[in-house]
Amino acid sequence: MARRPLHILLVNPWIHDFAAYDFWARPLGLLYVGGVLRSAGCRLSLVDCLDRRHPAVEAMVGRVRERGDGTGKFFRQPIPKPAVVQHVPRVFCRYGMPVQVFARQLKELGRPDAILVTSGMTYWYTGLAETVGMLREAFPGVPVVVGGIYATLCPEHAEKTLAPEALVQGPGENVVVEVLNRLCHAELPEARYGSLDELPYPVYDLYPKLETVAVLTSRGCPYRCSFCASALLAGSFAQRAPEAVVAEIEHWLSRGARHIAFYDDALFLRADEHIKPLLELVIRRGVKAQFHTPNGVQPRAVDRELATLLRRAGFATLRLSFETVNEARQEDMSAKVSSEDLARALEALAQAGFRRQDIGVYLLMGLPGQEVEEVVESILFVARLGARVCLACFSPIPGTREWQRAVASGALAPDTDPLLCNESVYPLSDGLPDYWRFVRLRNLATAVNRFVAAGGPITAIPPKEAILEEIVRPRFRSVEAFLRSRFSAGGKMCLQGETA
């Protein structure tokens, strides 16, 4: 008598945070594991708590506001702050589908044989814990397997917090069948996947609406940036064949997708053998989609040829990795980009037809030992090149060089609660005055972006000395007045966190 197929429930959990936004994010690792399990004969169900376009979510809360590029806000519900972050002067929320919708979906699915839950940022673990708690309540006795970023970088913390029946660290495609055979006393056929192109497609077909797809063209990164955990999460660097990537893109477009996001950590590496042939295939086959690079791509790789191919292929979102204008820090981080590289890349993209103000440039603030002057100088450097500043706050990631430095300096303990590494929390490690300095830097970035977008003359941007004098002042109102007077071309500015 043939055995019935195992019923496996795949779950992407809620986010608990002070802020969250959907930048084409999809639980790609979980969906790839789902493809492997389907190939092994399993029956699959998917509950993605972050699927803001799910019909049941829209039926309850309406269509959450979004932009035309496929990004948008999650539905959110304020929840009590964990004790360790009570000092943060912001509202803590659950982001994703309402609890009632999640509970109803679980009830309608029927009892699975096992549950696979992915995990995102390490400091989102309370959302993961709430999700796992509800899963155990709905399906008592069903084994729970947890993988993803938090499970990989903080395994001891995850074991203690979640007590899963199994924890998967790193890519799970080659281990998940063995784990389920052990937990479920099953005999699923095991397969070893030697390359990314051998993997079955991720199971995007489980979504009731398919508009956005994250496509993997490579995994890992050969660079060793001091703040990045890519090497810890993915292991060795590997790229897919351009023909295989384009075939997958065409597959998802034929099933309703319109937005294709590349989350590769090194999308432009070996450009002549990888991204350029890929884009040439997209153009030659007449593939019509909006392409996005939410992860920063390497400016050094952008020449006139690549810029032209990106434009012709239909890239709607380009974000470049830069981090800082400080040459010593550039060298220390990875030596993968210089200020000259960024200027050359923006010039090539502009000549290809991209508007400079539409190109985002990632900068980091709050790095260990980084002074406010360096951040201001970096913001003004990008603004004077006519590009848009994407200012991110440094978040120490366990296992990275910056994490090790923070521990060595005493800024972090080896067993620091991951919640304290949240980019909204970490600036408060030195007290509230430093937090408001971070807020002022964010507002400076917002002001210069609006100024540049509105066509304000680059020559009118004030020198860093004038801005620094305002940034370090204790009264917040003076910063508002200064920015309004010096960057008025962008219209009225909304300054976050204003209290005075």
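Residues numbered from 1 in each chain as written. Predicted model: local features only at pLDDT ≥ 70, side-chain atom pairs only at ≥ 80, totals over all residues. Heavy atoms only, no water.

1. Focus on helix α4 (residues 125-138)
Each full turn of the α-helix corresponds to 3.6 residues, which orients residues three or four apart in the same direction. For clarity, the threshold we go by: Helix and strand labels come from DSSP, where a helix needs a run of H or I of at least four residues and a strand needs a run of E of at least two; each type is numbered from the N terminus. Given a helix with a known number of residues, its expected span is that number minus one, times 1.5 Å. Whether a residue is buried, partly exposed or exposed follows from its accessible area with a 1.4 Å probe, protein chains only, as a fraction of its type maximum: under 20%, in between, or over 50%, in that order.
The end-to-end C-alpha distance of α4 is 20 Å, a good match for the 20 Å that 14 residues give at a rise of 1.5 Å each. All of the buried residues along α4 are Y125, T126, G127, L128, T131, V132, M134 and L135.

2. Some details on the side chain of S321
To keep things clear, this is the line we draw: Two residues form a contact once any of their heavy atoms are found within 4.5 Å.
With respect to the helices and strands, the residue S321 is situated in strand β15 (residues 319-323). Apart from residues no more than four positions distant in its own chain, S321 is found in contact with G296, V297, P299, K336, V337 and Y362.

3. So, unusual backbone geometry
At A163, a position not held by glycine, the phi torsion is positive, near 45 degrees. Within the fold, A163 resides in the loop between α6 (155-162) and β8 (166-167). The partly exposed category is assigned to A163, whose relative accessible area is 47%. Positive phi outside glycine occurs at E323, with the angle close to 75 degrees.

4. Let's talk about the environment of G34
Mapping G34 onto the fold places it in helix α1 (residues 28-39). Note: C-alpha distance between G34 and P200 (166 residues apart in sequence) is 8.9 Å. When near neighbours in sequence (up to four residues on either side) are disregarded, G34 contacts L10, L44 and V203.

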